[in-house]
Amino acid sequence: MRNKPDTEPHPILIQAEGLSKVYRRGSETVAALHGVTFEIRRGEFVAITGPSGSGKTTLLNLLGAMDVPTAGTLILDGFDVASLTESGRTQLRRHRVGFVFQHFGLVPTLTVEENVALPAFFARRNDARQVSELLETVGLGHRRNYYPSELSGGEMQRAAIARALVNRPPLWPADEPTGNLDMQTGLTVLGLFRRLNADGLTVLVVTHNDVIASAANRRLDLRDGRLMGPDTGPTSMPRVPAGPG
Amino acid sequence: MFRFALRNLLRRPVRLALATGGVMVGISVWLLLMALGDGYRAGLRTELDRAGIQLMVVPLGCPYDAAARVLKGRSLETSLPSEVLGRVRSDPDVSLAAPLLIVSTPREDERRSDLWVGLDDSGRALRPWWKAAQGAGWFTSTNGFILGSEAALIEMRSVGDRLHSPELGQTFRVDGILSRSGTSDDSLFFIPLSAAQRMVGQEGRLTAVAVRLRDPARLREVMQRFQELPGAQVVTMTEMMGTFLRLLGTVRSLTIALTLAACVVGILGLLNTLLAAVVERSHELRLLRALGASRSQVMGLVILEAVLMMWAGLLLGVAMAFLMGLVLEPMLQPLLPLAPLDHLLDWRLVRLLQCLIAGVVGAFLAATLPAVYVGRLQPAGALTP
Ligand SMILES: Nc1ncnc2c1ncn2[C@@H]1O[C@H](COP(=O)(O)OP(=O)(O)OP(=O)(O)O)[C@@H](O)[C@H]1O
Ligand SMILES: [Mg+2]
């Protein structure tokens, strides 16, 4: 792989410069992001906020190596996403990104345990003990053999969180993870986020929820594909993590 | 991966059943046809080889029909002129000439006919496989008779029984009962040639003369000489076999063409099923890409599903072919000329392997388009429901 990161983890996990994304639909084009520039350091808890259609999901897609920017550069954990091949981006998603979806994204034909093990399976790893430990961490040990349809929304989201952790990725983007949950369940999930962030994970949460946004140590506010206000960087530097994942 | 693919398939049981059902029918028809062809060919060969005769002198008319009837033990309306036997026997190239007369006596009450085959002592030499299950293997008197194993069962006769024929004013005695041979002999009544001729009240009447040559290489010359016999014609066994095999060949190529067409339809059906399944699941497949599945991993999943589906159809098809074979074998036997009586269907491992290979290739073909579709799916869509 090109531009291999230093063996020492760089303190800056994400470096975005003039990041733009233009969607093309036939002859129509939609500019969803206009030259966004920012940095995210390892161990930060960042909330991405903004009105509907402002480009939050688009940005998260780029940060999760799910898509490539139309212009600008994005360095993710030392890799230049735009210059990576298809399989390079797959590797990046597999080992460095643990995505959490608003709609949980559990595979209905697989049990909770199998869903959690899925990213490890794609990485050709099989660690049943780690999977059950993760299930205990998110409080789903007793539901391991349930199918997603047999779970509550909160349980589904906790299963999805366990799944996002299984390959021990340093980056942890979540698109409205509490959007489909009630307040109380949302707070439980938030508690989980804070715990994981305290353990050194870099958390990026797209949210409309002010409670969650204020729990973050930094906020990126998007309006029509542009970052609003002065991005002063982290208000307080969280403790330096021991290492990546 | 395997379990995942299996669950994906089981998610739509009706669709799975339809797709595998199509494969199943195609495969079973194919296997049956192949088994039938192989079995028929092999059976014909043994039946013709066993008697060790190279040619047969039959009355004028359709020679193959006549020869087939004689070999199956069915009566002929026409008969050979009486001087033919003498002329054949006196030919220097002939090592053995066995005359036979086949007489059919209708049994109105049972809606069937008994077939009596008249043989003289030379006929015994052409039936080296004859073994007596009971009594003697050959006639002990001029009014003795020998029963094929099935004929004996139907008639409920045993050795020593007497049978009076009022039409003929004659009493026959059962000399022997043959053990089962798997040939047409099993269902026949054998009597001495002279007795058969007395039955039809015509001294010297013959249905055919089977001929064994001293040197089979001189077949051509002998044929030429026998062509001149008045009221008779000659059929060689190779000719006969060739004719039947050609007939069978035509039927087979036709059915093979049909089966191939069915296979193409089956593959298209499978393709349709897979494509529908993949389009329907595109969101889930994008999600797998987002979770770190490579392009080849999701494509592999789709191909695995196709192969699984195909193999399920194959295994069921093989089972169905055997079952259908069990049912169809006895039904087909009377319909085919010279069908071997014991095993009409010859199951061969090679055919099975051909099917399995064809199945896997077919599955890959059917999976190609859906796999390409899946390979193009980008993970970006996974975030939006
Ligand atoms: N695949 C796409 N093709 C074309 N246009 C798109 C695509 N995805 C998003 N857009 C457009 O890009 C803009 C930003 O969309 P995005 O989904 O990033 O917004 P968002 O901030 O996540 O909104 P929400 O809060 O409603 O989820 C919108 O105008 C949207 O219509
Ligand atoms: Mg969104």
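Everything here concerns the structure above.
Residues numbered from 1 in each chain as written. Chains lettered and ligands numbered in written order. Predicted model: local features only at pLDDT ≥ 70, side-chain atom pairs only at ≥ 80, totals over all residues. Heavy atoms only, no water.

> Would you mind showing me how to read the overall build of chain B here?
Tallying secondary structure elements over chain B gives twelve helices and ten strands in all. The buried share of chain B, taken over its 385 residues, is 50%. Long-range pairs, those at least 24 residues apart, make up 79% of the contacts in chain B between residues at least 6 apart in sequence. As displayed, chain B offers around 17,900 Å² of accessible surface, 63% of which is attributable to carbon and sulfur atoms. (Helix = DSSP H or I, 4+ residues; strand = E, 2+ residues; numbered from the N terminus. Buried < 20%, exposed > 50% of the residue type's maximum accessible area, 1.4 Å probe, protein only. Contact = heavy atoms within 4.5 Å. Areas by Shrake-Rupley, 256 points an atom, 1.4 Å probe, with all protein chains shown as cover.)

> How should I be thinking about the site of ligand 1 in this particular structure?
All names here are of chain A. Taken together, 14 residues lie near ligand 1, and Ser52, Gly53, Lys56, Thr57 and Thr58 sit nearest. Between ligand 1 and serine 52, the relevant distance is 2.5 Å, taken from an oxygen atom to a side-chain nitrogen or oxygen of the residue. Here an oxygen atom of ligand 1 sits 3.4 Å away from a polar atom, N or O, in the side chain of histidine 208. Protein chains shield 63% of the accessible area of ligand 1, which is 630 Å² for the free molecule. At the level of secondary structure, the elements contributing two or more residues to the shell around ligand 1 comprise strand S1 (12–25), strand S2 (28–41) and helix H1 (56–63). Looking at which element gives the most residues to the shell around ligand 1, the answer is H1, with three residues. (Near = heavy atom within 4 Å. Polar contact = N/O pair within 3.5 Å; in protein donor to acceptor, adjacent residues only side chain to side chain.)

> Explain the packing of helix H10 (residues 282–290) of chain B against helix H11 (residues 295–332) of chain B here, please?
The geometry of a pair of packed helices is captured by two quantities: the angle between their axes and the separation between those axes. Residues and elements named next belong to chain B. Put simply, H10 and H11 touch, their axes get as near as 9 Å, and they point 140 degrees apart. As for how H10 packs across H11, the hand of that crossing is right-handed. Of H11, the residues touching H10 (which contributes Leu285, Leu288 and Arg289) are Arg295, Val298 and Leu301. Its residues assigned to classes, the contact of H10 with H11 shows four nonpolar, no polar and two charged. (Axes fitted to C-alpha atoms, helices over the stretch in contact; angles between N-to-C directions. Left-handed = near helix turned anticlockwise from the far one by under 90°. Nonpolar A, V, L, I, M, F, W, Y, C, P; charged D, E, K, R; others polar.)

> Hey, could you run me through the interface of chain A and chain B in this one?
Many structure descriptions define interface size as the accessible area lost when the parts assemble. Contacts between chain A and chain B engage 26 residues on the former and 23 residues on the latter. When chain A packs against chain B, close to 2,300 Å² is buried across both sides, 62% of that on carbon and sulfur atoms. For the chain A face of the interface with chain B, the top three residues by lost area are Glu86, Thr109 and Phe122 of chain A, together amounting to 25%. The interface formed by chain A and chain B holds two salt bridges in total. Between glutamate 86 of chain A and arginine 295 of chain B there is a salt bridge, with its nearest N and O atoms 3.4 Å apart. Linking chain A with chain B are eight residue pairs in polar contact (both at pLDDT 80 or more), by the criterion used here. In terms of residue count, the dominant contributor to the side of chain A that touches chain B is helix H3 (residues 112–122) of chain A (five residues). Looking at the side of chain A that touches chain B residue by residue, the class counts come to eleven nonpolar, seven polar and eight charged. (Buried area = accessible area lost by both parts, 1.4 Å probe. Salt bridge = Lys/Arg side-chain N within 4 Å of Asp/Glu carboxyl O.)

> How should the pattern of salt bridges be read in this particular structure?
Between side chains of opposite charge, a pair can form as their charged atoms come close. All names here are of chain A. Under the definition given, this model contains 19 salt bridges over all chains. A salt bridge links aspartate 67 to lysine 21; the shortest N-O distance between them is 3.3 Å. With aspartate 67 in the loop between H1 and strand S4 (71–76) and lysine 21 in strand S1, this pair connects stretches of sequence that are 46 residues apart. Linking glutamate 155 and arginine 143 is a salt bridge whose minimum nitrogen-to-oxygen distance equals 3.1 Å. Linking glutamate 155 in helix H5 (residues 153–165) with arginine 143 in the loop between helix H4 (128–137) and H5, this pair joins segments that are twelve residues apart in sequence.

> Would you explain unusual backbone geometry in this entry?
Peptide bonds are, in most cases, trans, and in most cases residues other than glycine have a negative phi. All names here are of chain A. The residue aspartate 77 is not glycine, and still its phi comes out positive at about 50 degrees. The topology assignment puts aspartate 77 in the loop between S4 and strand S5 (79–80). Residue phenylalanine 104 is not a glycine yet carries a positive backbone phi of 70 degrees. With respect to the helices, strands and loops of the structure, phenylalanine 104 is situated in the loop between helix H2 (86–96) and H3. Overall, the relative accessible area of 8% leaves phenylalanine 104 in the buried class.

> Looking at this structure, how should I read empty space enclosed by the protein?
The gaps of empty space that remain are located by a probe, the size of a water molecule, rolled over the atoms. One pass over the structure, following the stated rule, counts two cavities of 30 Å³ or more. Put simply, the second largest cavity is a space of about 70 Å³. Lining the second largest cavity are Arg93, Arg94, Val97, Gly98, Phe99, Pro119, Arg163, Ala164 and Asn167 of chain A together with Ala290 and Leu291 of chain B. Secondary structure elements with two or more residues in the lining of the second largest cavity: H2 and H5 of chain A. (1 Å grid on protein atoms, 1.4 Å probe; cavity = no way out; pocket = protein on both sides within 12 Å on 5 of 7 lines; lining within 4 Å. Points joined across faces, edges and corners; volume = space filled by probe spheres on them.)

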